[in-house]
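Descriptive analysis of the structure
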Amino acid sequence: MKISARNTLKGKVKSVVTGTVNDEVIVEVSPGVEITAMITKASAESLGLAVDKEVYAVIKASDVMVAID
């Protein structure tokens, strides 16, 4: 796999919550560290996502915001 995004984190699918249009995919990138992605249901099906499948969380963002209470 070659991709221009600089932030790719290898992990395993912890859960897939199927919705009407989108699926919520939780990827565990290290013990206790999870990333949640909302992707189309069609994409989840095309990728064959299932619990324990090895995947990459690819993060492409032009901004990072910091907030406080």
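A short tour of the structure in this document, coming up. (Residues numbered from 1 in each chain as written. Predicted model: local features only at pLDDT ≥ 70, side-chain atom pairs only at ≥ 80, totals over all residues. Heavy atoms only, no water.)

The helix and strand inventory of the protein chain stands at 1 helix and 4 strands. The helix and strand sequence of the protein chain, counted from the amino end, reads β-β-β-α-β. Sorting the 69 residues of the protein chain into buried and exposed places 16% on the buried side. In the protein chain, the share of contacts with a sequence separation of at least 24, taken over all contacts with a separation of at least 6, comes to 40%. Charged side chains of the protein chain number 8 positive and 9 negative; the gap between the two group centres comes to 11 Å. (Helix = DSSP H or I, 4+ residues; strand = E, 2+ residues; numbered from the N terminus. Buried < 20%, exposed > 50% of the residue type's maximum accessible area, 1.4 Å probe, protein only. Contact = heavy atoms within 4.5 Å. Lys, Arg positive; Asp, Glu negative; His and termini not counted. Charge placed at Lys NZ, Arg CZ, Asp CG, Glu CD.)

So, about the environment of Ala61. Looking at the secondary structure, you find Ala61 in the segment after strand 4 (54-59). Residue Ala61 is classed as exposed on the basis of its relative accessible area of 55%.

Another aspect to go through is the pattern of salt bridges. Per the counting criterion, the structure on display carries 2 salt bridges. The closest approach of N and O atoms between Glu34 and Lys14, which form a salt bridge, is 2.4 Å. Of the two residues, Glu34 is situated in strand 3 (residues 33-40) and Lys14 in strand 1 (residues 7-18); the sequence distance between them amounts to 20 residues. (Salt bridge = Lys/Arg side-chain N within 4 Å of Asp/Glu carboxyl O.)

The 4 strands lie next to each other as 3-2-1-4, forming an open sheet whose pairing is antiparallel. Both outer strands of the open sheet, strand 3 and strand 4, are each paired with one neighbouring strand and no more. With direction set aside, neighbouring strand axes in the sheet form an average angle of 45 degrees. Pairing between strand 1 and strand 4: 6 bridges, direction antiparallel. Residue pairing in the sheet places Gly11 in a bridge with Val55 of strand 4. (Pairing = 2+ DSSP bridges. Axes fitted to C-alpha atoms, helices over the stretch in contact; angles between N-to-C directions.)

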